[in-house]
Amino acid sequence: VSSFRSRQRFDLSDRQHQPSLFPPLNATSWDDRLNLDGTVSYSGRDEGDGFRSYTQFFHNGIVEGVQTEIVAETEDRGKLLLAGHYEYGLTYRPASMTRYMKGLRELGVEPPIWCFISLVGVKGARIPTSGYFSDERRDIDRDVLLLPETIIDDLDRDALDVLRPSFDLVWNASGYSGTSNFDAEGKWIGKD
C-alpha cells in the first residue's frame, strides 16, 4: 500500500543480497541485473525463446513474479493447465511466495500488501485430474484469469493460507470446487 500512497523508494545500488530475496519463481539458479524499474532476476533462457521465469523488484517496493510453462498441450489429452506445478512452486519451492514475503519483511516493508494472481493463455485448457473421467470436458472459458486481490496483513503468515483461495478460484474456472493438491490441514499431497 505504501508503494502507492507514499514516495517510498528503495536504494538498489547496494544490492548484494537483493537477488536472493526475490528470485525467479520455481528457479534453482538465476542471473540478475539492475534495470530502469529496479532489479530483475531471471532464469531458464531457452535458445532465444525468452525466460521461463523472472522477478522484477521495483524501486517502490512492488514485486512482480512471472512463470511460464504452466500450460501444456498434448496430442492425446489436449490443452492442460498444470495446476499442481504452479501451486507447488508458489507455496513450497525455495523460490516462492514465502521467499517474497520474507524478502519484503527484511527490507522493512509494512503490511498490508496486496497480492494478485493472473493466468494468461488458458482459454480451452482444463486441469488434469486423476479422480475424474478423462473424457469429461472442463475447459476454461476465457484466455485471461484475473483473480481478485488477496490482502496480506502479516508477512509471517503461511503462503498457502494466502494463496489457497486463489488456487480454489482457478479450479472453479475449470469446473471443480477447489484444488485437490492439499489436504484439509493444508499439507501438500500433490494429487493433480
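Let me sum up the structure you'll find in this document. (Residues numbered from 1 in each chain as written. Predicted model: local features only at pLDDT ≥ 70, side-chain atom pairs only at ≥ 80, totals over all residues. Heavy atoms only, no water.)

Considering the packing of aromatic side chains
Counted under the stated rule, the structure contains 12 aromatic pairs. Taking 4.9 Å as the distance between ring centres and 20° as the angle between the ring planes, the aromatic pair formed by F22 and F57 counts as stacked. Of the two residues, F22 is situated in the loop between α2 (18-21) and β1 (31-35) and F57 in strand β3 (residues 53-58); the sequence distance between them amounts to 35 residues. Judged by centre distance (6.1 Å) and plane angle (10°), the rings of F167 and F182 are stacked. Of this pair, F167 sits in helix α5 (residues 159-173) while F182 sits in the segment after α5, and the two are 15 residues apart along the sequence. Here F167 and F182 have matching classes, each one buried. Through successive ring pairs, a cluster of aromatic residues spans Y86, Y88, Y92, F167, F182 and W188. Across the ring face of Y176, the terminal group of R138 is positioned such that the distance to the ring centre comes to 4.2 Å. (Phe/Tyr/Trp six-rings, centres within 6.5 Å; stacked < 30°, edge-to-face > 60°. Helix = DSSP H or I, 4+ residues; strand = E, 2+ residues; numbered from the N terminus. Buried < 20%, exposed > 50% of the residue type's maximum accessible area, 1.4 Å probe, protein only. Lys NZ or Arg CZ within 6 Å of the ring centre and 35° of its normal.)

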